[in-house]
Amino acid sequence: MDFIIPQLLTGLAGASSLFLVAVGLTIIFGVTRIVNFSHGSLMMLGAYIGWSILTRLPRDPEWFVLGIAATVLCTAAIGVVLEVVVLRRVYRAPELFQLLATFGVVLILQDVTLWIWGPVELPLPRPRWLRGFVTILDSRFPVYDLVLIAVGPAVLGILWLVMNRTRWGTLVRAATLDREMVAALGVDQRLLFTSVFALGAGLAGLGGALSLPNASANLQIDLSVITDAFVVVVVGGLGSLAGAFVASLLIGILQAFGIVLVPQSTLVLVFLVMAVVLVFRPNGLMGRPQAEAREATLAAPVVRPAPRVLRILGAVALLLAVAAPFLAGDYYLTVLTDGAVALLFATSLHFMMGPGGMASFGHAAWFGIGAYAAGLMSQWLGAPMPLALLAAPLAAGIVAALFGWFVARLSGVYLSMLTLAFAQIVWAVSFQWVEVTGGDNGLLGLWPPGWARDPAVYYWITLALSVGVAMLLRRMLYSPYGYALRAARDSAVRAQSIGLDVQRLRIVALVVAGAAAGLSGALFSYAKGGVFPTYISIPHSVEALLMVLLGGLQTVAGPIVGALVYTGLADILVRSTDLWRLVLGAVIVLLVVAFPEGVAGAARRLWLRGREA
Amino acid sequence: MSVLVVRGLHKSFGGVEAVGDVSFAVAPGEMLALIGPNGAGKSTCFNMVGGQLPPDSGSVRLDGREITGLSPRAISGHGVGRTFQITATFGSMTVRENVQMALLAHHREIWRFWRPAAARHVAAAEALLAQVGLEAQAGRAAGVLAYGDLKRLELAIALGNAPRLLLMDEPTAGMAPAERVALMQLTRRIASGRGVAVLFTEHDMDVVFDVSDRILVLNRGRLIAEGDGAAIRANPAVREIYLGTGATSGGH
Ligand SMILES: Nc1ncnc2c1ncn2[C@@H]1O[C@H](COP(=O)(O)OP(=O)(O)OP(=O)(O)O)[C@@H](O)[C@H]1O
Ligand SMILES: [Mg+2]
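The rules behind these values
- Residues numbered from 1 in each chain as written.
- Chains lettered and ligands numbered in written order.
- Predicted model: local features only at pLDDT ≥ 70, side-chain atom pairs only at ≥ 80, totals over all residues.
- Heavy atoms only, no water.
- Helix = DSSP H or I, 4+ residues; strand = E, 2+ residues; numbered from the N terminus.
- Buried < 20%, exposed > 50% of the residue type's maximum accessible area, 1.4 Å probe, protein only.
- Domains from an automatic or database assignment.
- Contact = heavy atoms within 4.5 Å.
- Buried area = accessible area lost by both parts, 1.4 Å probe.
- Salt bridge = Lys/Arg side-chain N within 4 Å of Asp/Glu carboxyl O.
- Pairing = 2+ DSSP bridges.
- Axes fitted to C-alpha atoms, helices over the stretch in contact; angles between N-to-C directions.
- Patch = residues over 30% accessible without salt bridge, like charges linked within 9 Å, V, L, I, M, F, W, Y side chains within 5 Å.
- Areas by Shrake-Rupley, 256 points an atom, 1.4 Å probe, with all protein chains shown as cover.

> What am I meant to see in unusual backbone geometry here?
Residues other than glycine predominantly adopt negative phi, and peptide bonds predominantly adopt the trans conformation. If you check the backbone angles, Arg-33 of chain A has positive phi at about 60° while not being a glycine. Note that Arg-33 of chain A resides in the loop between α1 (4–32) and α2 (39–54). For Arg-33 of chain A, a relative accessible area of 23% gives the class partly exposed. Backbone geometry at His-121 of chain B places phi at a positive 55°, although glycine is not the residue there. Counting through the fold element by element, His-121 of chain B comes out in the loop between α3 (95–106) and α4 (122–131). For His-121 of chain B, a relative accessible area of 17% corresponds to the buried category.

Right under this line is the structure:
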C-alpha cells in the first residue's frame, strides 16, 4: 500500500492542471452559455507559446514566472481575438451551432499550430531549481508537483476574491444566474463577454504553460484535455467554480489511482464515476438546474412530407446513384461508397438529434461499436459477412439501450457532453484492449466474400442497405412513434401530461439511431478492409454532426443532402491541400455564421417563402 | 362521490411555504374555481394534483384512488387532463396533429412504427377542434397561433384524453372578455354533459362568478374562504384582498 501517498500527490497535481482548464470552461459557459470546444486548443497554444517563450529566457525562477505570465497574457489576447471574431457572431445561434463553430476553431488552431511549430513534440527540460525532490513519508516527491498542487487552490482563492469582491465579479455571477437580468441592468454585455473569455483563455494558457515541465507541447493536447475538462465541468456542475474544483480533485485523484489499480480502464472508471454522479445529481455536484434553454416550440417549423418536386429530384438522384458504377471510375466508386455510408451515419444521428432532440457529440461510438462487432465476429468466430452485418446493429443497439437507460433523463449540454465522453471511452477501449481489438493496428483483413468483392457489387450492397435503412427511419418518423418522439422534444411537459413516456421514447430513439449507425460502421469496415480506433475519434463524431447540421435539423432530407455535400467537399479538400483542417474549420465557422439553420433548412425556407401563411 | 379529493397539501420552496394545508373536493360535472392574488399558490396546487410537483405532505385522491406523488404520465393515465398557465403545445406539428397526438396517446397507439400517424383519428381530432372553435385552423402550424387560440388548443388536447378531471390553469389568459365567457361556458357544457370535474383558476372575476359552481379563495398558500359566488362576494376577508388590490373584475 506504499503507493498511496505518492499517487495521492500525483493526483492532486493532476487535479490542479485539470482545474485550470475546467474553471475557464465553466466560467465562460456560465456567462455566455457557450460550451467552448476550443478551450483545449487554448491550453495547447499555452503550452506551445510557453515553450517558445521559456526556451528563450534565462532559466532562473523569476524568469520562469515572468515567462509564464507572458504566456498567460498571450493566450488571453488570443481569447479576445477569438471572441470578437467568431463567438460574438454566434451568441444568438442555437447551442449546437455554437459548439460546431468552436469545433471549427479547434480545426483551425490545429493546423495553425502545426504550421508554426511543426509536428514534433516539444519538451521543456526542467530547470535545475525545479528538479529537486522532497521526501514525504519515505517517498521522494518532485518539488514541481508540489508547486502545481498549490496553484489550484491559489487560483481558486484569487477567483473567489475577484468574483465576490469586485464589481466585475458581481456582474459575472449575476450573468451566470440570469443573463436577461444583466442585460436589463444596462451593462455593456460585449465587454463583459470579451473579458470573461479573456480570463478563461488566460487560465487555459496558464494550465498549458504549467504542464510543460512535466509533459511537452504536442498536438494531441487539445482534444484529450477538452474531454477531461468536459467531464470535470459536468461532474462539478456547469457554471460552478467550486464545483469545478471539487470535480477536478475527484477526477484527478481517480485518474492517478486508476492508473495503478486498473491501468487498462482508467477512462472507463472516470466515466463510471461521472455516470453515478449524474444519476444522483443530474445537474452535477454543485450545479443548479439549467433554465430550459430557449423553448424549441417556437424555433421548430412544422415537419411536413417533402414537396413533390423534391421527391422527384430524390428519385432521380437515387437512379443516378444506382447507375453510377457504369459511369464512374474506380476512384469515384470508393468515394460514392463512402458517401452511401455517410448517408446512413448522418441519417441515424439526425433521427436522435432532430426529432429526438438529443444532440450527440459522440455518434462515432455507435459507428465504431458496429464496426468492431462485425470485425470481431468475422475475426474470432469466422462469421460470414451477412452475419457480421447483422451483428453490428444488434451490438450497437444493445449498448445504446444500456447507455440510454441513464442518459435519457439528461438534457441539453449535459447529454451532449456525456455522449462525447462515452465515445472517448469506447475509443479508449478499442485502443487499449490490444489483445482483442488489435489496438492501434486495428482488425485487418476484413474483406467482403468473393461474390461481393467487386467494388461495384459492394457499392450496390452498401447503397441498398444505407438507403433502405434511411427510408425505414424516415418511415418511422411519420409513424405514431415518430410523432410521439417529436412531441416529447417539442414540449416534455405537455407530452407527459398526455401520458407519453418521454424517457422510454428517447431510449428507443437512441437504440434505433445506434443500431443504424452500427450498420454504417460495419459497411464502412468491409469497404476499407479493416476496423481502426480512428473510426471512433472525436473528429469522426463531429463529421456526423457537420453533415446533419449542414443539411439542417428540421428536414428529413437534410442529413442526406448534408452527408453527400460533406463527403464531396471533404474529398476535394483532402486531395487539394495539406491545410484541409484549416480550410474545413474556416468553412464550418463561416457556414454557422451565415446559415444558422443549415443549408437544406435555408433552401427550404427560400423555397417555402410566400407559399405558406 | 367526489372525483378529486385533496387533503392537507403542503409545499415549500427553499423554506418558503407556497401552499399550506389545502383541502378541497370536486364532484363530477362541477366547476370549481380556485382564485387568489398573484403568487397565492394556485399553480403550485395544480402542479401537485397533476403530478408536475410532488407535495411535501398531504394526499390527492382521484375516484378514491391515491395518486399522490405519481408521475404526470401516470396521473394522465388515470384520467386527468390539464392546461398550463404558460401554454405547452407541440410546436413542430399542425393544430390537428397536436390533437391527434393526444388521441394516439389515449388509445395507446404510440408504440407503432409503421403506419403513418397523420391518418389516425382525423375525424375525432376535427370534432374536438370544432368543439373549441378551432376547426378553421386545423391545418396551421401550432406555433403560429394567437395566444387565445393556443389556450383553446390546449383544451382540445386535454379533452383528447377523455378526462374525468380537467385542471385548467388560467385557461382564458390572453383572450378578449367576451371570448373568455364563451370558452368557459363551453367548458361548463362539456363538464355537465360528460360529468367531468373541472378545477380552474381565473383572474377575471366576472367569468368566475358567471360559470363556477363553487369558489375557493387562496391567499399566501392558505384557503381563506369557500362558497358560492354570493358568499364569496360578501366575505370580508376576500373583499379585503381584492379591494386592497383594487381588482374586482378584469383580472390583472
Ligand atoms: N419552482 C419554484 N421554485 C421556487 N418558488 C416557487 C416555485 N414555484 C412557485 N414558487 C413560489 O411559490 C409561490 C406560489 O406560486 P404559484 O405559481 O403557485 O402562484 P399562483 O397563485 O399560480 O400565481 P399567479 O397568479 O401569478 O400564477 C410564489 O411565491 C412563487 O414565487
Ligand atoms: Mg399561476
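> I tried to follow the domain arrangement of chain A on my own but got confused; where do I start?
Interfaces are often sized by the accessible area lost when the parts come together. Residue and element names in this part refer to chain A. Domain assignment breaks chain A into domain 1 (4–288) and domain 2 (308–612). Centre-to-centre separation of domain 1 and domain 2, based on C-alpha positions: 32 Å. Facing the 43 residues of domain 1 at the interface are 42 residues of domain 2. Of the roughly 3700 Å² buried where domain 1 meets domain 2, counting both sides, 83% is carbon and sulfur surface. Between the two partners, domain 1 and domain 2, sit one salt bridge.

> Please explain the sheet that holds strand β7 (residues 165–168) of chain B as it appears in this structure.
To summarise the sheet geometry, strands pair through backbone hydrogen bonds and adopt either a parallel or an antiparallel arrangement. All names here are of chain B. Strand order in the open sheet formed by six strands is β6-β7-β8-β3-β9-β10, with mixed pairing between adjacent strands. Across the chains shown, the open sheet's two edge strands, defined by having one partner strand only, are β6 (80–83) and β10 (222–227). Strand-to-strand, the axes of this sheet are offset by a mean angle of 15°, without reference to chain direction. For strand β9 (residues 214–219) and β10, the ladder comprises five bridges, and the chain directions are antiparallel. When the sheet's bridge partners are listed, Leu-216 is paired in β10 with Glu-226. Packing against the sheet, helix α6 (residues 177–194) makes contact with β3 (31–35), β7 and β8 (197–200), and its axis sits at approximately 135° to β3.

> Before we go on, may I ask you to explain a nonpolar patch on the surface in this structure?
All names here are of chain A. Residues Trp-115, Ile-116, Leu-579, Val-583 and Val-587 make up a contiguous nonpolar surface patch of roughly 460 Å² in combined accessible area. With respect to the helices and strands, the residue Val-583 is situated in helix α26 (residues 580–594). Since its relative accessible area comes to 31%, Val-583 is described here as partly exposed.

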